[in-house]
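Residue-level listing of the chains:
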Amino acid sequence: MSDTNTPAAVPAQQTTTHSVRGSGQGPTQERDVALPPLDAGLEEEREYVGLLYQRLDDLREEKQAQLAKVRRTGAVGTMQNQSERDAFATMYEDRLAQLNAVDDRLVFGRLDLDSGECRYIGRIGLTSEGRQRLMLDWRAPEAGVFYQATAFDRQGVRRRRHLLLKRREVQGLEDEVLDTSVLEESTENHGDGALLAALKARRTGQMGDIVATIQAEQDRIIRADRSGVLVVQGGPGTGKTAVALHRAAYLLYAHRDRLKSAGVLIVGPNSTFMSYIERVLPSLGETGVVMSSLADLYPGVRGVEETDPQVAQIKGRLDWVDIIASAVRARQRNIPEPRIVTVEGVEVTVTPKMIRRGLERARATGKPYNEARTTFVKVVVKEIAEKLERILEKRSAGNGADRSYLVEEVRSSREVRVLLNLCWLPRTPQNLLEDLFSKPKYLAAVAPQLTAQEQRLLQRSPGTAFTVADAPLLDEAAELLGELDESAGREEARQKAAREKDLENARKAVENVTPQMAEMGIEGFLSAEDVAALNADSGPSMSAAERAGVDRTWTYGHVVVDEAQELSPMQWHVLFRRVPLKSVTAVGDIAQGSSPSASTDWREAFAPFIDDRLRIEELTVNYRTPRIMVELAERVAAANGLEVTSLRTVREGDFEPIIERVDAQELIHAAVTGVAAEHERIGEGLVAVIAPARLLESTREGLISAYGQRVGRGAGSMTQDIVAMTAEEAKGLEFDAVVLVEPAELLEEAHGRIGSLYVALTRSTHSLRVLASRDLPAGFSV
């Protein structure tokens, strides 16, 4: 039943055979399949790959049967028995999700070593029924040489073979011979076409993994230590995003005990980008990662784009840590003079001194605003009740009647409730932020750091939608305000005790099933926390990743941030709160910064949050963009004052960029016909029209009118072969061809920052067409 990733290597030239279960109906059968010899040809490799897929199918059937059997058991027996059942169910569900995700191009490489051993490399590890290694997980240490070995440093590798699969079928072989003596022994499969074939392949609207073609400098970064902050700086087309995602998959493999329960958070710039990358991690054998765009950083609120760059820049400052704190304190107020409240027909005078004692006692708890308010209410209500009792005793000549009910009478009094809310009103983060931006006097009182002009820019009407730039402010407010439910403290204590009891049962259950899982070779798919969560009476069961995605206070084991140069200081402030160990991978390109808060120096960007635990690695090879387009983009950047690192390019390119002058009234028509011209040039492929925001909707309408359902209807739709979007939405994406509309206006939209235009010029893998009715920015002409 073994099927996972215990390290092993298989001799290539020996007659070793693998016992593999037969699939289909009837009794289980076993057959032996010999490992292909060193000089294996296409048919022999196809036979072995067929063996691997048969094993994959067998394992799926096995796990499905085991899961069905566990589910049939039902919730019977002791709590520990139920925990054991749920432990197995969780394990089988996780394994099935992984097995289902790796069907396409399951295996992609083979290593022939000096020792005579052979290792097949794939998306996951597979072993036979007899626990003989069939294939190594690409993340295993033994698989690292597949990416790292070179002719100058062979690391014991004689030959690296790329298996070129289309779904389950081996289409071809590509051999990289590192030991020249192998040339005489092997067949004529030599070449370096695997990487170039992947680069030339047509775009699909969703990102493909690079697991079969990872290069040495990329592999070194992917496998780097997870402690501290690792910044991966790389220009366009260097594979930053792919490296980031493969690093997330590698860390989950290498540190599963730590990261399985805490989880990994991946943050991208927008929803288009998140849709673009969503299939990569499952194809690498990982399904339990939380993905979030910057707009979704605050659970329950989807931020819209901030229309004014000045406002976005203001909201991105770290000043808001102090402003939000002041805004929270400002909602804790004393009364300027005594006030009379009526409780059951009796007037009681409440003095500023009574309120002050309540405020001081509540603040001394150190609890968040809403939770500390519970103490404030208790203190003031008690003092009012004591004062009321003295009044009643005086009126009744001290008859000693039981008046313990008075506390509840005071608490229920409408006038008392109004007074308590006046002094300490329960608040939500949304309430607090809406008040700040809709009440000028409130903002002026708590934000002396802002100029009068900046305060005016922030003003907006109540009910206005929250923006992407508001998300970190909401998170900061939530951190200081805490839970709104006044009973949260008591309920939390009850739930904590119940959780501890459930967790103890779960630990015992996991201990009981661990030996059986070890016999299967399965490790790291289960934790006591997962089992306890399954038994909790809190609705549908959720994985750690699902729980993390809806819990603002969840802390992760690692955070990966793409397009990291765009994040504001406040956005980094929120993210570092989510990862207490400050284990972060940030990938980006300083030169591509286009947001108002974009970083211009990595060390300055991270200085407020970490000490010296910052490592910067650089990717230096452009794999995506042909040289002829890179030269144009770098020339435009330099002419407009942007320093960029000159990159080595893998491909020359087949099509020179085309620059067309058109009348302003003809821009939309030119964009529509330009798409047809690009499809004529490149054949099938994904063509993007990148246009200024002012022209985007009319451009999209023109494309839909001409091409109908071939056009993606919205920036989030990347499944058709034509899309229209802004330069900001195109960040991190790639297309077969790009039609770039009115570059001068793109530059103006970014208030003269060249980053967005530089991004637009480097999105294409094959061809570029520029349409301009106005003077072109500097650098377009030689």
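Going by the annotation in an unreviewed UniProt entry, the name recorded for the protein is AAA family ATPase, with Nesterenkonia massiliensis given as the source organism.

J.: How should the overall build of the protein be read in this particular structure?
T.: Along the backbone of the protein there are 29 helices and 24 strands. Across the 782 residues that make up the protein, the buried fraction comes to 54%. Long-range pairs, those at least 24 residues apart, make up 74% of the contacts in the protein with a sequence separation of at least 6.

J.: Teacher, can you tell me more about the packing of helix H13 (residues 369-395) against helix H15 (residues 414-423) here?
T.: Geometry of a packed helix pair, given as the angle between the helix axes and the separation of the axes. Running from N to C, H13 and H15 point in directions that differ by 135°, and their axes come no closer than 11 Å. Looking at the two axes, H13 sits oblique to H15. In this structure, H13 crosses over H15, and the sense of that crossing is right-handed. From H13, Arg-373, Phe-376, Val-377, Val-380, Val-381 and Ile-384 reach across to H15, where they touch Val-416, Leu-420, Asn-421 and Cys-423.

J.: Sorry if this is basic, but what is going on with helix H26 (residues 667-682) here?
T.: For an α-helix the count is 3.6 residues per turn, leaving residues at separations of three or four pointing the same way. In this model, H26 (16 residues) spans 22 Å end to end at C-alpha, consistent with the 22 Å of a helix rising 1.5 Å per residue. Among the residues making up H26, those that are buried are Leu-667, Ala-670, Ala-671, Val-672, Gly-674, Val-675, Glu-678, His-679 and Ile-682. Lining the buried residues of H26 we find strand E21 (687-690), helix H27 (693-707), strand E22 (722-725), strand E23 (735-741) and strand E24 (764-772). Following H26 by one or two positions, Gly-683 has its phi on the positive side, about 80°.

J.: Could you clarify how one ought to interpret empty space enclosed by the protein in this entry?
T.: Over the atoms a probe the size of a water molecule is rolled, and this reveals where empty space is left. On inspection of all chains with the given rule, the structure shows two cavities of 30 Å³ or more. Computed from the structure, the largest cavity encloses a volume of approximately 50 Å³. Lining the largest cavity, in full, are Gln-233, Gly-234, Gly-235, Pro-236, Asp-589, Glu-618, Leu-619, Val-644, Thr-645, Leu-647 and Tyr-758. Broken down by secondary-structure element, the contributors of at least two residues to the lining of the largest cavity are strand E10 (229-234) and strand E17 (614-619). Residue composition of the lining of the largest cavity, grouped by class: five nonpolar, four polar and two charged.

J.: Any chance you could explain the packing of aromatic side chains here in plain terms?
T.: We describe a pair of aromatic rings using the distance from one ring centre to the other and the angle between the two ring planes. What the rule picks out here adds up to eleven aromatic pairs. When the ring of Tyr-48 is compared with that of Tyr-120, the centres are 4.4 Å apart and the planes differ by 25°; the resulting orientation is stacked. Within this pair, whereas Tyr-48 is found in helix H1 (residues 42-73), its partner Tyr-120 is found in strand E5 (residues 117-122), the two being separated by 72 residues in sequence. Of the two residues examined, Tyr-48 and Tyr-120, each falls in the buried class. Centroid distance Phe-576 to Phe-609: 5.3 Å. Interplanar angle 15°. Geometry classified as stacked. Placement of the pair is Phe-576 in helix H23 (residues 569-578) and Phe-609 in the loop between helix H24 (602-606) and E17, with a sequence separation of 33 residues.

J.: Is there a simple way to think about the packing of helix H16 (residues 429-438) against helix H19 (residues 471-481) in this case?
T.: As a packed pair, H16 and H19 sit with axes 8 Å apart at the nearest point and diverge in direction by 120°. If you check the angle between H16 and H19, you find them oblique. Regarding H16 and H19, the two cross each other, and that crossing is right-handed. Here Pro-429, Gln-430, Leu-432, Leu-433 and Phe-437 of H16 come into contact with H19, specifically with Leu-473, Leu-474, Ala-477, Ala-478 and Leu-481. By residue class, the composition of the contact of H16 with H19 is nine nonpolar, one polar and no charged.

J.: Looking at this model, I keep getting lost on the pairing of strand E16 (residues 584-588). Mind explaining?
T.: A regular strand carries its side chains on alternate faces of the sheet. When you tally the buried positions in E16, you get five out of five residues, the bulk of the element. Burial along E16 is two-sided: the face carrying Val-584, Ala-586 and Gly-588 and the face carrying Thr-585 and Val-587 are both buried. Here E10 pairs with E16 via five bridges, running parallel. Counterpart to Leu-230 in the pairing with E16 is Thr-585. Where strand E15 (residues 558-561) meets E16, three bridges bridge the pair, whose relative direction is parallel. Residue pairing across strands places Val-560 opposite Thr-585, the latter belonging to E16.

J.: For this particular structure, what's the right way to read the sheet that holds E16?
T.: The strands making up a sheet associate through hydrogen bonds between their backbones, and the pairing can be parallel or antiparallel. Ordered in space as E12-E11-E15-E16-E10-E17, the six strands form an open sheet in which the pairing is parallel. If you trace the sheet from one side to the other, it starts and ends with strand E12 (290-293) and E17, each paired once. Direction aside, the axes of adjacent strands within the sheet are offset by 15° on average. Direction of pairing for strand E11 (residues 264-268) relative to E12: parallel, over a ladder of four bridges. Pairing of Gly-268 across the sheet is with Ser-293, part of E12. Running over the sheet, H23 touches E10, E11, E15 and E16 and is turned about 150° from E16.

J.: It is not clear to me how the UniProt feature "binding site: ATP" (unreviewed entry) in the protein should be interpreted in this structure. Could you clarify?
T.: Here the UniProt feature "binding site: ATP" (unreviewed entry) sits at Gly-234, Gly-235, Pro-236, Gly-237, Thr-238, Gly-239, Lys-240 and Thr-241. Filtering the just-named annotated residues for those lining the largest cavity gives Gly-234, Gly-235 and Pro-236. Relative to the elements of secondary structure, Gly-234 occurs in strand E10. On the accessibility criterion, Gly-234 (1% relative accessible area) is buried. In this view, Gly-234 contacts Lys-240, Gly-588, Asp-589, Gln-592 and Leu-619; residues no more than four positions away in its chain are not counted. If you trace the backbone, Lys-240 turns up in helix H6 (residues 240-254).

J.: I'm lost on unusual backbone geometry in this one. Help?
T.: Among all residues except glycine, the phi angle is most often negative; among peptide bonds, the trans geometry is most common. A positive phi angle, close to 55°, is found at Gln-155, a residue other than glycine. If you trace the backbone, Gln-155 turns up in the loop between helix H3 (145-148) and strand E8 (157-166). Note on Gln-155: relative accessible area 36%, which makes it partly exposed. In the Ramachandran plot, Glu-563 falls in the positive-phi region, its phi being about 50° despite a non-glycine side chain. Residue position: Glu-563 is located in the loop between E15 and H23.

Calculation rules
- Residues numbered from 1 in each chain as written.
- Predicted model: local features only at pLDDT ≥ 70, side-chain atom pairs only at ≥ 80, totals over all residues.
- Heavy atoms only, no water.
- Helix = DSSP H or I, 4+ residues; strand = E, 2+ residues; numbered from the N terminus.
- Buried < 20%, exposed > 50% of the residue type's maximum accessible area, 1.4 Å probe, protein only.
- Contact = heavy atoms within 4.5 Å.
- Axes fitted to C-alpha atoms, helices over the stretch in contact; angles between N-to-C directions.
- Parallel < 35°, antiparallel > 145°, perpendicular 65-115°, else oblique.
- Left-handed = near helix turned anticlockwise from the far one by under 90°.
- Expected span 1.5 Å × (residues − 1).
- 1 Å grid on protein atoms, 1.4 Å probe; cavity = no way out; pocket = protein on both sides within 12 Å on 5 of 7 lines; lining within 4 Å.
- Points joined across faces, edges and corners; volume = space filled by probe spheres on them.
- Nonpolar A, V, L, I, M, F, W, Y, C, P; charged D, E, K, R; others polar.
- Phe/Tyr/Trp six-rings, centres within 6.5 Å; stacked < 30°, edge-to-face > 60°.
- Pairing = 2+ DSSP bridges.
- UniProt positions renumbered as here; feature names shortened; annotations may be inferred.

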